[in-house]
Amino acid sequence: MDELIRPDWERGREFIKNLIDSGSTRSLRGLAKIAGIQPSIISRFLKGGALEVGSAIKLYMALPDDIDVVKRRTFLQIMGLYPLVLQLNRDLLSSEELQSLNPIESGSPSEEGTRLMALGYQRAPSSWVTPNSWEKAIPFFQDAEKAFGVASSQAARAALEATQMLINLGNYDKVQAELLRIEHTYISIMDLETQAEWYRISGWLAYHQGNFAHAEKWLKKTIKIAKLTGIDRLADFHFLGRLYCDWGQVRRQQQEAYLLFHKAEEFLDKAYEHQHKQASDVRRAFDLFRKAQLLQAQHNWQEAQELRTRARQMFANDLAVLHIDLEEAKLDLEDGETQTPKLKAEKALREWAQVKYAKGMSDALRVLGFSNYIQGKPVQALEPYVAALCIYPFENHLDSQKLGISIANLRSDIIIKEGRKAFQTLMQRIRELEEGQQGYFSYLVNVSADRSADITRVFNKIEGPLNKLML
């Protein structure tokens, strides 16, 4: 079996309802807890929404031990999944048992590939409720690609899953190389859904690299495929909205900025609407949070606060709520409050470090630097600012551009007040902290990608001509 079977959602809903009614899992929430997914995902599915592959896999892995082989096979068939265990006549296998099985026992390459994909999904966090590991998931997706073989579109999908992990980790050079390799290897056999995934990741990469025009081109292709296939989830409305929001902030002409902000609102609203029935609360919370950022950029502070409050409630205990903590910490600092924002930023820094989220660590360090700056401590502000840029050194990203301006202003203040020699001495001390990975630079160990060349470039820019730093 080389392709996914088309899901029969109605039978799938009936299966889950019967499972809950039988009392085997006690309740919907009980099933969700065992599966490790949000209860709202199951609830929306039962009300008519679709179910993502990752959630379907987790539900399969959570089936009670007393469910027989026939029912397990039926579940796989109606959910449109490959076989997720090597031998259906065995009881439900734990992840450790799956991992220890000899691949030679597999009935086909597709079964082995799917077994490895399932292990990858288990390690890759679909949300940040617990600090699972993107980094640990990558080898399983890579091995799945090899198992499927270059003649299968599923191999391309496995490769793209690994690439998504790399982009989460901020390893953009590797992402670029992988996208080119995947295109060269699989372009002739990728199905439309896999093509949409390639376009989506390409759009994300272009956005993070500050190439908004290319990002727009790739992300619009996901919408085209969604219309062609009738699969709404393939259209990345959310990231288009985020893209237009940032793009509007760098346009100098007011009319251009207005049009881009209007597009941002349109696509973020579309994203929320399309995800209302089938996406998790966390994904919909991100739509609200990004729209709040859009409203904040347009100086609509009250409505932005209302959306952040709603998003916070939907994030619940998910680690993604740290995005809101940092956003509000920054706003509180602008209002003159210092102690609470600093505590929030320190907490976010520690927790983002657990999942090796480079962008999140950088955002937290920016807030810590800003906290010192508004307290009249420019010298103490410089270290977290420089560490933030070393951890996330992508100078064309909007946040990095803002950080570059902040560092340039900070350097001017220090030189005016203390003298150029004092600034050079301070930078030498900061270089020593980086080389010894001390202070805030100790968080470099939580960055998956090799930043050595980027760090050299960052220090050279800060210590070089002022106009280059502010580009």
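Here's a quick rundown of the structure. Since the model is a prediction, treat every value here as computed from it, not as a measurement. (Residues numbered from 1 in each chain as written. Predicted model: local features only at pLDDT ≥ 70, side-chain atom pairs only at ≥ 80, totals over all residues. Heavy atoms only, no water.)

**A closer look at the overall build of the chain**
Across its full length, the chain carries 24 helices and zero strands. The 471 residues of the chain split such that 54% are buried. A separation threshold of at least 6 residues defines the contact pool for the chain, and within that pool the share at least 24 residues apart is 63%. Summed over all atoms, the accessible surface of the chain reaches about 21900 Å², with 49% contributed by carbon and sulfur. (Helix = DSSP H or I, 4+ residues; strand = E, 2+ residues; numbered from the N terminus. Buried < 20%, exposed > 50% of the residue type's maximum accessible area, 1.4 Å probe, protein only. Contact = heavy atoms within 4.5 Å. Areas by Shrake-Rupley, 256 points an atom, 1.4 Å probe, with all protein chains shown as cover.)

**With respect to the side chain of T194**
Looking at the element boundaries, T194 is found in helix α11 (residues 192–208). When neighbours within four sequence positions are excluded, T194 is seen to be in contact with S153, A156, R157 and L160.

**With respect to the nonpolar core**
With 134 residues, the main nonpolar core has I16, L59, W352, L382 and F441 as its most contacted residues. Every residue in contact with I16, bar those within four places of it in the chain, is listed here: L31, I42, F45, L46, L59, F75 and M79. Counting 15 residues, the second largest nonpolar core, distinct from the first, contains A292, A304, L307 and V321. (Core = buried A, V, L, I, M, F, W, Y, C linked by side-chain atoms within 4.5 Å.)

**Here's the deal with helix α21 (residues 398–418)**
Taking 1.5 Å per residue, 21 residues should reach 30 Å; α21 reaches 30 Å between its end C-alpha atoms and fits that length. Within α21, the full set of buried residues consists of L398, D399, S400, L403, G404, I407, A408, L410, R411 and I414. One or two positions beyond α21, positive phi appears at G419, with a value near 100°. (Expected span 1.5 Å × (residues − 1).)

**Considering the packing of aromatic side chains**
Here the structure, examined in full by the defined rule, presents 21 aromatic pairs. Ring geometry for Y244 and W247: centres 6.3 Å apart, planes at 5°, overall stacked. Within this pair, Y244 and its partner W247 are both found in helix α13 (residues 237–250), separated by three residues, close to a single helical turn. Residue Y244 shares its accessibility class with W247, and that shared class is buried. (Phe/Tyr/Trp six-rings, centres within 6.5 Å; stacked < 30°, edge-to-face > 60°.)

**Observations regarding helix α22 (residues 420–435)**
Relative to the 22 Å expected for 16 residues at 1.5 Å per residue, α22 spans 23 Å between its end C-alpha atoms, a close match to the ideal helical length. Of the residues making up α22, those classed as buried are F423, L426, M427, I430, L433 and E434. The buried residues of α22 occupy an angular sector of 110° when projected down its axis, which confines them to one face. Exposed positions of α22 whose direction lies more than 90 degrees from the buried face are K421, T425 and E435. Summarising the contacts, the buried residues of α22 are in contact with α20 (378–391), α21 and α23 (452–463). Within two residues after α22, Q437 carries a phi angle of roughly 50°, on the positive side. (Arc of directions from axis to C-beta.)

**Quick look at the packing of helix α19 (residues 358–374) against α20**
Where α19 meets α20, the axes come as close as 8 Å, and the angle between the chain directions of the two elements is 165°. Judged by the inter-axis angle, α19 sits roughly antiparallel to α20. Between α19 and α20 lies a crossing of left-handed hand. Along the contact surface, α19 presents A358, M361, S362, L365, R366, L368, G369, F370, N372 and Y373, while α20 presents Q380, A381, P384, Y385, A387, A388 and I391. Across the contact of α19 with α20, the residue classes break down as twelve nonpolar, four polar and one charged. (Axes fitted to C-alpha atoms, helices over the stretch in contact; angles between N-to-C directions. Parallel < 35°, antiparallel > 145°, perpendicular 65-115°, else oblique. Left-handed = near helix turned anticlockwise from the far one by under 90°. Nonpolar A, V, L, I, M, F, W, Y, C, P; charged D, E, K, R; others polar.)

**Quick notes on the pattern of salt bridges**
Two side chains of opposite charge can pair, provided their charged atoms sit close to one another. The final tally for this structure, using the stated rule, is 28 salt bridges. Of the charged contacts in the structure, one is a salt bridge between E145 and R181, with a shortest N-O distance of 2.9 Å. Taken together, the positions of E145 in helix α8 (residues 134–148) and R181 in helix α10 (residues 172–186) put the pair 36 residues apart, joining distant regions of the chain. When its relative accessible area of 10% is taken as the criterion, E145 is described as buried. Of the charged contacts in the structure, one is a salt bridge between D325 and R312, with a shortest N-O distance of 2.9 Å. Here the residue D325 occupies a position in helix α17 (residues 321–334), and R312 occupies one in helix α16 (residues 301–315), the gap between them amounting to 13 residues. (Salt bridge = Lys/Arg side-chain N within 4 Å of Asp/Glu carboxyl O.)

**Side note on the packing of α13 against helix α14 (residues 254–275)**
For any two helices packed against each other, one specifies the inter-axial angle together with the distance between the axes. Across the interface, α13 lies against α14 with an axial gap of 7 Å and an inter-helix angle of 160°. Here α14 runs roughly antiparallel to α13, going by the angle between their axes. You can see that α13 and α14 cross each other, and the crossing is left-handed. Where α13 approaches α14, its residues F237, H238, L240, G241, R242, Y244, C245, W247, G248 and Q249 are matched on the opposing element by A257, L260, F261, K263, A264, F267, L268, K270, A271 and H274. Partitioned by chemical class, the residues of the contact of α13 with α14 number twelve nonpolar, five polar and three charged.

**A closer look at unusual backbone geometry**
Most peptide bonds adopt trans geometry, and most residues besides glycine take a negative phi value. Positive phi, normally seen in glycine, also occurs at A316, with a value near 55°. Here A316 lies in the loop between α16 and α17. With relative accessibility at 47%, the residue A316 sits in the partly exposed group. We note that K356 has phi near 60°; this positive angle belongs to a residue other than glycine. Relative to the elements of secondary structure, K356 occurs in the loop between α18 (339–354) and α19.

**Digging into the environment of G439**
Within the secondary structure layout, G439 lies in the loop between α22 and α23. With 55 residues separating them along the chain, G439 and P384 place their C-alpha atoms 8.8 Å apart.

**A look at the environment of E434**
With respect to the element layout, E434 can be found in helix α22. For E434, a relative accessible area of 16% gives the class buried. Along the backbone, E434 and V386 are 48 residues apart, and their C-alpha atoms lie at a distance of 9.5 Å. With near-sequence residues (within four places) excluded, E434 lies in contact with F441, L444, I455 and F459.

From the geometry alone we can't say anything about function, so treat these as descriptive.
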